[in-house]
Amino acid sequence: MESKNPGLNYGRTSKKPVDLVIQGGTAVTMVPGQPPIHNARVLIKNDRIMAIGPSSEIPIPQDISIDTIDAKDAIIMPGLVNAHVHTAMTLFRGFADDLPLKEWLFERIFPAEANFLSPETVYRGALLGCIEMIASGTTCLADGYFFQDQTVRAVHESGLRGLLAQGVIDFPAPGVPDPKENIRMGQDFLEKWHHFSDRITPGLFCHSPVTCSEKTLRRSQKISREYGVPLQIHLSETLTEVSEILEISGKRPAHYLDQLGLVDSHLIAAHGVHLDETELRCLHEKGAKLVHVPESNMKLSSGIAPLDRITKMGLTTGLGTDGCASNNNLDLFGEMDTAAKLAKVSTQNPEALKAYIVLEMATLGGAAVLGLDKETGSLEKGKKADIIVVDLKSPHLCSLFDPVSALVYSAGGSDVKDVVVNGVPLMREKEFCSLDQDEIMAKVREISKRIRL
């Protein structure tokens, strides 16, 4: 697939000693144990960080013209990782608010998807989600949906990094009208995109233990292992799900999946609202990953995930927004703030979830959930240059005593001014480098007029 955005020079091999410099301000690297670096400088060569440290210790060549991002009065940090999102559901933002999850899903969302999703609408909705995430500092995402060839197309053109999974469900679904074909379609998707790009990893996404049979779950896991990619699933999102799985199997959801052989280091489970202590221990011992999705859980009244116990146990945990039909935005800065405060109020303990832990969930932790922590999630030499710059020149970010606190409790996605992925600038001074925001939004507005009918 050729990019429609020639400004994104994905595969470049530059002969320059340095391609891009980010300098000034404070670097919050998310390298464990490393304090913030003041008056920092980051050197980028091709797609990787060549050097990072205080400007006084990182010289740059003076005899050539080098592209520079000015981070004075700003924070330099790793790009955020949205570890659970259905990107194209920007199409359904505000479409079915204030409903219980089962009614919302089966009576509103599933019918709307059946009637209005197509390759073209998914592509347009995914592009809109990409610009929303870029604008708010997300550089990497884990997506699961339908017509996923088009999400790959959109993410590729946007320049983002992602784990993009074909949805698997035992009901007629968009692009897969015969549920008997769900596994074949999923395997075809993996085969098609497996070696496409170093920024894009294909995968499978089983909707839930309730909507996928034992056979579907086992086959999805087997194929995922064969391709060496994660398997995503919604898990223990509602009490109704727990009750249904108990009735079917006599076991709680995590133990049911474990009985089927799904609980291992390849499993990414989103929500985890109603996991008990034995289930958490099972997931932890077998290396499964969790994604916390607090705002969606709140909006659908699903409950509050036991995040204090999850983090104390040491489960690898990321942070996600879910789709815009149940959030209704893709701003991970807002999600961090909500996650921290919700943990405190639900436990009546102000120390239940500290700012650094939440920031880690949205960066290095999220990368670990996706199996990408060796490549991204922190700022250090040799890692991919996935970097954002957060402007501090707004009243709500003054005074600044602790940059981590400011990022979690004060900053918002709108404070992001520069975004770099794979060494390529995607946004400079809040202006997209290649994508046409007005055109993308206009196309989705036209689609939304049809959805309302």
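Structure: above.
So, here is what we can say about the structure in this document. If you're wondering where the values come from, they're calculated on a predicted model, not measured in any experiment. (Residues numbered from 1 in each chain as written. Predicted model: local features only at pLDDT ≥ 70, side-chain atom pairs only at ≥ 80, totals over all residues. Heavy atoms only, no water.)

## Focus: the overall build of the protein
Step number 1: For the protein, the helix and strand inventory stands at 15 helices and 19 strands.
Step number 2: In terms of C-alpha radius of gyration, the protein reaches 21 Å, essentially the compact-globule figure of 22 Å for 453 residues.
Step number 3: If you line up the protein on its principal axes, its C-alpha atoms span 70 × 50 × 40 Å.
Step number 4: Counting over 453 residues, the protein shows a buried share of 60%.
Step number 5: Carbon and sulfur atoms provide 51% of the accessible area of the protein, an area that totals close to 17,800 Å².
Step number 6: Distance from the positive charge centre (47 side chains) to the negative charge centre (58 side chains) of the protein: 3 Å. (Helix = DSSP H or I, 4+ residues; strand = E, 2+ residues; numbered from the N terminus. Rg over C-alpha atoms; globule rule 2.2 N^0.38 Å. Buried < 20%, exposed > 50% of the residue type's maximum accessible area, 1.4 Å probe, protein only. Areas by Shrake-Rupley, 256 points an atom, 1.4 Å probe, with all protein chains shown as cover. Lys, Arg positive; Asp, Glu negative; His and termini not counted. Charge placed at Lys NZ, Arg CZ, Asp CG, Glu CD.)

## So, the sheet that holds strand E5 (residues 48–54)
Sheets are built from strands paired through backbone hydrogen bonds, the pairs being either parallel or antiparallel.
Step number 1: The strand order E5-E4-E1-E6 describes an open sheet built from four strands, whose pairing is mixed. One side of each edge strand has no neighbouring strand; the edge strands of this open sheet are E5 and strand E6 (67–70). The average angle at which neighbouring strand axes cross in this sheet is 15°, direction not considered.
Step number 2: Alignment of strand E1 (residues 20–23) against E6, held across four bridges, turns out to be parallel. Across the sheet, the residue bridging to Gln23 is Asp70, located in E6. (Pairing = 2+ DSSP bridges. Axes fitted to C-alpha atoms, helices over the stretch in contact; angles between N-to-C directions.)

## Observations concerning helix H5 (residues 214–227)
Step number 1: Look at H5: 20 Å from first C-alpha to last across 14 residues, which is about the 20 Å you get at 1.5 Å a residue.
Step number 2: If you check which residues of H5 are buried, you get Thr216, Leu217, Ser220, Gln221, Ile223, Ser224 and Tyr227. Seen end-on, H5 carries its buried residues on one side only, within an arc spanning 165°. Residues Lys215 and Lys222 are exposed on H5 and point more than 90 degrees away from its buried face.
Step number 3: Positive backbone phi, at 70°, marks Gly228, one or two positions downstream of H5. (Expected span 1.5 Å × (residues − 1). Arc of directions from axis to C-beta.)

## Thoughts on the sheet that holds strand E8 (residues 80–85)
Step number 1: Within the open sheet, the eight strands sit side by side as E8-E9-E10-E11-E12-E13-E14-E15. Their pairing is parallel. Each having just a single partner strand, E8 and strand E15 (316–319) make up the two edges of the open sheet. The sheet shows a mean angle of 25° between the axes of neighbouring strands, direction not considered.
Step number 2: Pairing of strand E13 (residues 267–271) with strand E14 (residues 289–292), which is carried by three bridges, proceeds in the parallel orientation. Note that in E14 the partner of Ala269 across the bridge is Leu290.

## Regarding unusual backbone geometry
Step number 1: Look at the link from Asn327 to Asn328: it is a cis peptide, with omega at 25°.
Step number 2: Among the structural elements, Asn328 can be located in the loop between E15 and helix H11 (332–347).
Step number 3: A cis geometry characterises the amide bond from Cys398 onward to Ser399, with omega recorded as 10°.
Step number 4: Within the secondary structure, Ser399 is located in the loop between strand E16 (387–391) and helix H14 (403–410).
Step number 5: Phi angles above zero are rare outside glycine, and Ser236 is one such case at about 50°.
Step number 6: Looking at the element boundaries, Ser236 is found in the loop between strand E12 (231–235) and helix H6 (239–249).
Step number 7: One non-glycine residue, Asn422, lies in positive phi territory at about 60°.
Step number 8: Tracing the chain through its elements places Asn422 in the loop between strand E17 (416–421) and strand E18 (424–428).
Step number 9: By relative accessible area, Asn422 is classed as buried at 3%.

## So, the environment of Lys344
Step number 1: Summarising the element assignment, Lys344 is placed in helix H11.
Step number 2: You can call Lys344 buried: its relative accessible area is 19%.
Step number 3: Sequence-wise, Lys344 and Leu307 are 37 residues apart; in three dimensions their C-alpha atoms are separated by 9.9 Å.
Step number 4: Apart from residues no more than four positions distant in its own chain, Lys344 is found in contact with Asn349, Pro350, Ala352, Leu353, Lys354 and Tyr409.
Step number 5: Among the polar contacts made by the side chain of Lys344, one reaches the main-chain carbonyl oxygen of Leu353 at a distance of 3.1 Å.
Step number 6: Separated by 3.4 Å, the side chains of Lys344 and Tyr409 make a polar contact. (Contact = heavy atoms within 4.5 Å. Polar contact = N/O pair within 3.5 Å; in protein donor to acceptor, adjacent residues only side chain to side chain.)

## Thoughts on the packing of aromatic side chains
Step number 1: Within this structure, the stated rule accounts for five aromatic pairs.
Step number 2: A ring pair is formed by Phe106 and Phe171, whose centres lie 6.3 Å apart and whose planes are at 75°; its orientation type is edge-to-face. Placement of the pair is Phe106 in helix H1 (residues 101–116) and Phe171 in the loop between strand E10 (161–168) and helix H4 (182–193), with a sequence separation of 65 residues.
Step number 3: On the basis of relative accessibility, which here comes to 35%, the residue Phe106 falls in the partly exposed class.
Step number 4: Summarising the aromatic geometry, the rings of Tyr145 and Phe146 are spaced 5.6 Å apart at their centres and angled 45° between planes, so their arrangement reads as tilted. Judged on exposure class, the residue Tyr145 and its partner Phe146 are both buried. (Phe/Tyr/Trp six-rings, centres within 6.5 Å; stacked < 30°, edge-to-face > 60°.)

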